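# Residue-level structure breakdown
One-letter residues, chain by chain:
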Amino acid sequence: MLDTMLARPIIVTEKGTRLCCLSAVVLEILENPDIGVYTKEDGEIIPGKDAV
């Protein structure tokens, strides 16, 4: 289990530090989390907040 945790990215910003096991978690600590549409590592498309 420890090996799995270490394979996750650790993201550091002025708003905090997170072990980002889920790619969407990083949005919580970005200065500008409105990055628009993006595709997760599993292929799921995440719409931006302005998407209809």
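In this report, the structure presented in the accompanying data block is examined. Just so we're clear, the structure is a prediction, and the values are computed from it rather than from any experiment. Each chain has its residues counted from 1, running along the sequence as written. Given that the model is predicted, a residue must reach a pLDDT of at least 70 before its local features are reported, and side-chain atom pairs must reach 80 or more before they are shown or counted; all residues, however, enter totals for whole chains, interfaces and linings. Water and hydrogen atoms play no part in the side-chain values, which are based on all heavy atoms of the structure.

### Some points on the overall build of the chain
Convention followed: The numbering of helices and of strands both runs from the N terminus, where a helix is a DSSP run of H or I of at least 4 residues and a strand a run of E of at least 2. Only protein chains enter the accessibility calculation, which uses a 1.4 Å probe; a residue whose area is less than 20% of its type maximum is buried, one above 50% is exposed, and one in between is partly exposed. Here the accessible surface of atoms and residues is derived via Shrake-Rupley with a 1.4 Å probe, and residues count as covered only by protein chains that are part of the display.
Helix and strand content of the chain: 1 helix and 4 strands. In the chain, the succession of helices and strands from N to C terminus is α-β-β-β-β. Split into buried and exposed, the 52 residues of the chain put 12% on the buried side. If you sum the accessible surface of the chain, you get close to 4,300 Å²; carbon and sulfur atoms cover 59% of it.

### Describing a nonpolar patch on the surface
Test applied: A patch consists of residues whose relative accessible area exceeds 30% and which take part in no salt bridge; residues with like charges are grouped when within 9 Å of each other, and nonpolar side chains (Val, Leu, Ile, Met, Phe, Trp, Tyr) when within 5 Å. Any carboxyl oxygen of Asp or Glu within 4 Å of a side-chain nitrogen of Lys or Arg constitutes a salt bridge here.
Taken together, the side chains of I10, V12 and L19 define a hydrophobic patch exposed on the protein surface, amounting to about 290 Å² of accessible area. Assignment of secondary structure puts I10 in strand 1 (residues 10–13). Here I10 falls in the exposed class, since its relative accessible area comes to 61%.

### Overview of the environment of R8
Turning to its location among the elements, R8 is positioned in the loop between helix 1 (2–6) and strand 1. Each C-alpha atom, one on R8 and one on C21, is 5.6 Å from the other, the two residues being 13 residues apart in sequence.

### Considerations on the pairing of strand 1
We apply this condition: In this analysis, strands are considered paired if DSSP registers two or more bridges between them.
The pairing of strand 1 with strand 2 (residues 16–19) spans 4 bridges and is antiparallel. The residue bridging I11 from the neighbouring strand is R18, located in strand 2. Counting the residues between successive antiparallel strands, the hairpin from strand 1 to strand 2 contains 2 residues.

### Comments concerning the environment of I45
We apply this condition: When checking whether two residues touch, look at their non-hydrogen atoms; a contact exists if any pair is within 4.5 Å.
Counting through the fold element by element, I45 comes out in strand 4 (residues 45–46). Classification of I45 as exposed rests on a relative accessible area of 56%. If sequence neighbours within four positions are ignored, I45 has contacts with V37, Y38 and T39.

### Quick notes on the environment of E14
Within the secondary structure layout, E14 lies in the loop between strand 1 and strand 2. Along the backbone, E14 and I29 are 15 residues apart, and their C-alpha atoms lie at a distance of 8.0 Å.

Distances and angles like these do not, on their own, reveal function.
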